[in-house]
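Results of the structural survey
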Amino acid sequence: HVESNFYYALPSPNQSMSNYSYLRERIRQLEDNITFADIWVNGNYPRFKKFLHEDLNESVVLIASENAIARDISPIKCKLFLPVPTDVVHVYEENSDEINSTLSLLAKEHQDTLFMISAGPLSEAIVHTLYSSNPNNRYIDFGSSLDEVIHGRKTRPYMEEGTQFYGEIVKWDI
């Protein structure tokens, strides 16, 4: 995507110049529309949790693991929850046309809506399908930063206060 309202989040060149360069060479988006992938994690995670608990004041469409079905997922206020199976890659390989059709219809049913996505390796494909169907929503891959809400437990070292990752602020210097 090269549209002015589409952003790519890449790993910081300070963490891995080779990963950054590999992706940057293939993405045709303007530099102003490139941000860093660590925006919700590591040293930013405490701020993200504050945003989630105190500042997010709108109902969202949540696309995330089916593990959240039987959970209290507050503080997220869902207008709709679309569960993703844990074997998401296999399910997508077997049902991609139906899944893409469902996602396309879902995107068209909403305007200026935040879609919070945490669907593992399928997240980017989901964002692509949703955005291609309706670019007037906000589709954000929040990844593992939603795990405490979705799975009810901390799944990454950056979530644990006192670890090196919890306080790590990634620099974006080239």
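Refer to the structure above for everything that follows.
Presented here is an overview of the structure given in this document. Keep in mind that this is a model prediction, so the values were computed, not measured.

Summing up its helical and strand segments, the protein chain has 5 helices and 6 strands in all. Going from N to C terminus, the protein chain has its helices and strands arranged as β-α-β-α-β-β-α-β-α-β-α. For the protein chain, whose C-alpha radius of gyration is 16 Å, the value lies close to the compact-globule estimate of 16 Å for 174 residues. Along the first, second and third principal axes, the C-alpha set of the protein chain runs to 40 × 40 × 30 Å. Across the 174 residues in the protein chain, those meeting the buried criterion constitute 37%. Of the accessible surface of the protein chain, which amounts to about 9800 Å², a share of 50% is contributed by carbon and sulfur atoms.

Looking now at the environment of Val149. With respect to the helices and strands, Val149 occurs in helix α5 (residues 147–150). Sequence separation between Val149 and Asn100 is 49 residues, and the spatial gap between their C-alpha atoms is 26 Å. Val149 has contacts with Leu52, Arg71, Ile73, Ser74, Pro75 and Ile76, leaving out every residue within four places of it along the chain.

This part takes up the sheet that holds strand β4 (residues 78–84). Read across the sheet, 4 strands follow the order β4-β3-β5-β6 without closing on themselves; strand pairing throughout is parallel. The open sheet has two edge strands, β4 and β6 (138–141), and neither has a second partner. Looking at each pair of strands side by side, their axes are set apart by 15° on average, direction ignored. Sitting on the sheet, helix α4 (residues 123–133) is in contact with β3 (60–65), β5 (114–118) and β6, with an inclination near 155° to β5.

What counts as what
- Residues numbered from 1 in each chain as written.
- Predicted model: local features only at pLDDT ≥ 70, side-chain atom pairs only at ≥ 80, totals over all residues.
- Heavy atoms only, no water.
- Helix = DSSP H or I, 4+ residues; strand = E, 2+ residues; numbered from the N terminus.
- Rg over C-alpha atoms; globule rule 2.2 N^0.38 Å.
- Buried < 20%, exposed > 50% of the residue type's maximum accessible area, 1.4 Å probe, protein only.
- Areas by Shrake-Rupley, 256 points an atom, 1.4 Å probe, with all protein chains shown as cover.
- Contact = heavy atoms within 4.5 Å.
- Pairing = 2+ DSSP bridges.
- Axes fitted to C-alpha atoms, helices over the stretch in contact; angles between N-to-C directions.

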